[in-house]
Amino acid sequence: MRYGHFDDETREYVITTPHTPYPWINYLGSEQFFSLISHQAGGYSFYRDAKMRRLTRYRYNNIPADAGGRYFYVNDGGDVWTPSWLPIKADLDSFECRHGLGYTRITGERGGLSVDTLFFVPMGETAEIQKVTLTNTSDQAKTVTLFSFVEFCLWNAQDDQTNYQRNLSIGEVEIENDGPYGSAIYHKTEYRERRDHYAVYGVNAHAAGFDTDRDTFVGAYNGLGEAAVPRAGVSASSVASGWYPIGSHSLEIALEPGERASYTYVLGYVENPQDEKWAPADEAAGIEALQVINKTRAHELLSRFATNEQTDAAFDALRTYWHDLLSTYTVTSTDDKLDRMVNIWNQYQCMVTFNMSRSASFFETGIGRGMGFRDSNQDLLGFVHLIPERARERILDIAATQFPDGSAYHQYQPLTKRGNNDIGSGFNDDPLWLVLGVAAYVKETGDFGILDESVAFDNDPALADTLFEHLTRSFNFTVENLGPHGLPLIGRADWNDCLNLNCFSTEPGESFQTTENQAGGVAESVFIAAQFVYAGPEYAELAERRGLHEVAAQARQAIEDMRAATLSHGWDGEWFLRAYDFYGNKIGTGSTPEGKIWIEPQGFAVMAGIGTEKPADGGPSVAERALTSVNEMLATDHGMVLQYPAYTSYQIELGEVSTYPPGYKENGGIFCHNNPWVIIGETVVGNGARAFDYYKRITPAYREDISDVHKLEPYVYAQMIAGKQAVRHGEAKNSWLTGTAAWNFVAVSQYLLGVRPGYDGLIVDPQIGPEVPQFTVTRSARGATYEITVTNSGTPGARGSLVVDGTPVVGNTVPYAPAGSTVKVEVTV
């Protein structure tokens, strides 16, 4: 069952009913100001940090699920309704939500009145714009009253939800009903003391009335769906003082049949320097010293959206920005689902995930997590081609949180860019992700100079060294932390945060990820071993290109030693082991009744080329045998489960992984993040058909017809789909902010379609199977454009032969061309 459809021409997903299985959301903003918005106008806004600079309030774990947002109430002759359906839930004659790239448009119609609201964050602004257009579709004149509504958060989102004894005494607002650009309400809680920022909510018209006190607007014991002021039809002119501050304007609008009227609302964030916080005292105007905020910058913001024409121009600029951005990599094929995912939605999700890391979604509150060291490095892989300069900045931010021994804080806060002690460190896969992130950036840009940038350790400038030295310590951290089998020690965990082999927790509520009740240099990770063999050659290559030949040689020897250790001690006979536990016992072995085979080492080991050599007897290679085991034991119609069989009881020596019910999350769930590793692995061994089949099983556009099963958005990836042992097999959870986005874009763009950057040129090596017999990739790289047309037989194991600008070439590398040039490549597979 579908609840909408893709509009590829406008690059929108069109939701045609408010009754989706779960709130389907979008993100506004791509620089410093961000908003989350559902198809029912739910969500919230923040400046840079979803915890420390939250502008509006949202209620997670609530009934109904989508509680709190930016709402517009209509009172049409006593008929009160909301065009977003929520919160009033009055029946609508028609409903449509269009989620686009950086904007959302919600249109509701009832009783001959259509209300269309366009939400977006303009480029270069720290504000959400809401353009509301009312159209009288009836044959009678109408006079309606439109009430806006936002509820202000008291900035720190965690304190806002917990510290009521203080917060119910600090709310403050200012009201400017006759401002130079319309009417405006200013939220200034805590501005009188340590804060230098405030929020403004204004409309480019003279409001008939206002409200700033939530209790007055809603009414005692009412919910937002029963709000008293819209039902009364007139604002109460309430002034919040110490309680719950909101922003609401009422506009009285007269419309002849067929007539329309548009208004622009601005929800903005403003900072003032310390010496410019306050308006000058003016006794005649009633302005006391240090009491009235300096509104100069707010007025400048409102002035840029004082007319509808200005708003329209800003929206046009936003659409142009996204059009230009997504032209970096495009594909044209006979498969419209493939095209829309590659050209629009996968890349869009990659950018959103780059901006948010794992911090703010409808599953992540924005309170508990910052930017992940591992997460952000992986996000770079799917983002770096879009805005390389921002990727460069992110790399330097990430590296500065690394410790001198090469390990790292697991997360850091976006506002301070400093490590988060609450999560700690000791995740031993973290350092190697920095190597992969930097390598991806250098390949994309050719900017080897980044390796010479001076970067602090632990944010301490006194410890600063070159970025290349950071990579050296990342590489050496693994070399210097090996266990009894010559495999890397796992530390607190590796990529799988829930595989906690040194935790041994029996205390309810104790953190699996910060607790280490039994330490010892025994628990080893086969996954990190494969990761080392995959990432290590990038470090060796960068060392070689710096003239560090001995360093490169030593690195390559360490990589070969790890390859050998993985084959000797990480192979179980038909698949790769997952780990060795605290006692030296095997994890992920056929000799145990549960958790026999795990997906992570199978995919990553084959990606790394471990065991890909064909045996002398011509039989399947070690890599092929591992992938066959994946297909036989882990694959389902909804994707590949993380391990099988799932654990049915708590395994204290494994940690959090066994706390989930069978089939969910890390305990046998379909973790979409690691499915692409197997997809890439299948292309490595020349099995493009199976790789493309796996790709389609988890990719949203191919799952749209089962939205009643999948439940989450059919335009973006989810982190997890319930596995085959789950009660609700196929149901997705935790959409949007997941490394799935980056890794799936890497899998489809660089391996299935087969166009990926190398250090000296584009590598063209498509492996997609016979379902896509012909396609064209247009790829920008280092200022040149490459038009790559592939004729694909889909023959298993076949590799492409290349003709570049009419000349056949040996191998699969197309050298980088001068900026501004266009290179035509013909590929026959």
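For the structure, check the block above.
Here's what I pulled together on the structure shown here. No experiment lies behind these values; they were computed from the predicted model shown. (Residues numbered from 1 in each chain as written. Predicted model: local features only at pLDDT ≥ 70, side-chain atom pairs only at ≥ 80, totals over all residues. Heavy atoms only, no water.)

## Here's the deal with the overall build of the protein
Here comes step 1: Regarding its fold elements, the protein presents 19 helices and 42 strands.
Here comes step 2: A compact globule built from 829 residues would reach a C-alpha radius of gyration of about 28 Å, and the protein, at 28 Å, matches this within 12%.
Here comes step 3: In terms of overall dimensions, the protein has a C-alpha envelope of 90 × 55 × 55 Å along the principal axes.
Here comes step 4: Considering only contacts in the protein between residues 6 or more positions apart, those separated by 24 or more positions represent 67%.
Here comes step 5: On the protein, roughly 28,400 Å² of surface is accessible, and the fraction owed to carbon and sulfur atoms is 48%.
Here comes step 6: For the protein, the distance from the average position of its 64 positive side-chain charges to the average position of its 105 negative side-chain charges is 2 Å. (Helix = DSSP H or I, 4+ residues; strand = E, 2+ residues; numbered from the N terminus. Rg over C-alpha atoms; globule rule 2.2 N^0.38 Å. Contact = heavy atoms within 4.5 Å. Areas by Shrake-Rupley, 256 points an atom, 1.4 Å probe, with all protein chains shown as cover. Lys, Arg positive; Asp, Glu negative; His and termini not counted. Charge placed at Lys NZ, Arg CZ, Asp CG, Glu CD.)

## Regarding helix H19 (residues 740-752)
Residue pairs three or four apart in sequence face the same way in an α-helix, which turns once every 3.6 residues.
Here comes step 1: When the terminal C-alpha atoms of H19 are compared, their 16 Å separation across 13 residues is substantially less than the 18 Å that a helix rising 1.5 Å per residue should span.
Here comes step 2: Most of H19 sits out of view: 13 of its 13 residues are buried.
Here comes step 3: Two residues or fewer past H19, Gly-754 is found with a positive phi of approximately 80°. (Expected span 1.5 Å × (residues − 1). Buried < 20%, exposed > 50% of the residue type's maximum accessible area, 1.4 Å probe, protein only.)

## Details of the pairing of strand E13 (residues 142-155)
Here comes step 1: Counting buried positions along E13 gives 13 out of 14 residues, so the element sits mostly inside the fold.
Here comes step 2: Bridging between strand E6 (residues 54-56) and E13 involves two bridges; their strand directions are antiparallel. Paired with Arg-54 across the two strands is Trp-155, which belongs to E13.
Here comes step 3: Here five bridges tie strand E7 (residues 71-76) to E13, and the two strands are oriented antiparallel to one another. Pairing of Phe-72 across the sheet is with Ser-148, part of E13.
Here comes step 4: As paired strands, E13 and strand E18 (residues 245-255) are joined by eight bridges and run antiparallel to one another. Bridging across to E18, Phe-147 finds its partner in Ser-250. (Pairing = 2+ DSSP bridges.)

## Some details on the packing of helix H10 (residues 430-445) against helix H11 (residues 467-479)
Relative placement of two packed helices is described by the angle separating their axes and the distance separating the axes.
Here comes step 1: One way to put it is that H10 packs onto H11 with a least axis distance of 8 Å and a crossing angle of 135°. Looking at the two axes, H10 sits oblique to H11. Every pair of crossing elements has a handedness; the one defined by H10 and H11 is left-handed. Where H10 approaches H11, its residues Pro-431, Leu-432, Leu-434, Val-435 and Val-438 are matched on the opposing element by Leu-467, His-470, Leu-471, Ser-474, Phe-475, Phe-477 and Thr-478.
Here comes step 2: Taken together, the residues of the contact of H10 with H11 break down into nine nonpolar, three polar and no charged. (Axes fitted to C-alpha atoms, helices over the stretch in contact; angles between N-to-C directions. Parallel < 35°, antiparallel > 145°, perpendicular 65-115°, else oblique. Left-handed = near helix turned anticlockwise from the far one by under 90°. Nonpolar A, V, L, I, M, F, W, Y, C, P; charged D, E, K, R; others polar.)

## Focus on the environment of Asn-481
Here comes step 1: For Asn-481, the position within the fold is in the loop between H11 and strand E25 (524-525).
Here comes step 2: On a C-alpha basis, the gap between Asn-481 and Leu-113 in space is 68 Å, while along the polypeptide they are 368 residues apart.
Here comes step 3: In this structure the side chain of Asn-481 is engaged in a polar contact, spanning 2.7 Å, whose partner is the backbone oxygen of Phe-477. (Polar contact = N/O pair within 3.5 Å; in protein donor to acceptor, adjacent residues only side chain to side chain.)

## Comments concerning unusual backbone geometry
Here comes step 1: Geometrically, the link from Ile-63 to Pro-64 is a cis peptide bond, its omega value of 0° lying close to zero.
Here comes step 2: Between Leu-86 and the following residue, Pro-87, the backbone shows a cis peptide bond with an omega angle of 5°.
Here comes step 3: Within the element layout of this structure, Pro-87 appears in the loop between strand E8 (79-81) and strand E9 (94-99).
Here comes step 4: Its identity as a non-glycine residue notwithstanding, Glu-190 has a phi of 70°, on the positive side.
Here comes step 5: Considering the arrangement of structural elements, one finds Glu-190 in the loop between strand E15 (182-187) and strand E16 (197-203).
Here comes step 6: Classification of Glu-190 as buried rests on a relative accessible area of 10%.
Here comes step 7: For Arg-782, which is not a glycine, the phi torsion comes out positive at approximately 50°.
Here comes step 8: As for its position among the elements, Arg-782 is in the loop between strand E37 (774-781) and strand E38 (784-791).

## Section: the layout of surface pockets
Here comes step 1: Approximately 810 Å³ is the volume found for the largest pocket.
Here comes step 2: Every residue lining the largest pocket is counted, 33 residues in all, and those nearest its centre are Lys-443, Tyr-534, Glu-538, Tyr-751 and Arg-756.
Here comes step 3: Of all the elements in the fold, those that place two or more residues in the lining of the largest pocket are H10, helix H12 (526-545), helix H16 (675-684), H19 and strand E35 (755-757).
Here comes step 4: In terms of residues, the lining of the largest pocket owes the most to one element, H19, which gives six residues.
Here comes step 5: Grouping the constituent residues of the lining of the largest pocket by class yields 20 nonpolar, six polar and seven charged.
Here comes step 6: Roughly 700 Å³ of volume is contained in the second largest pocket.
Here comes step 7: Around the second largest pocket, the lining comprises 34 residues; the ones closest to its centre are Glu-364, Arg-369, Asp-497, Gln-513 and Lys-665. (1 Å grid on protein atoms, 1.4 Å probe; cavity = no way out; pocket = protein on both sides within 12 Å on 5 of 7 lines; lining within 4 Å. Points joined across faces, edges and corners; volume = space filled by probe spheres on them.)

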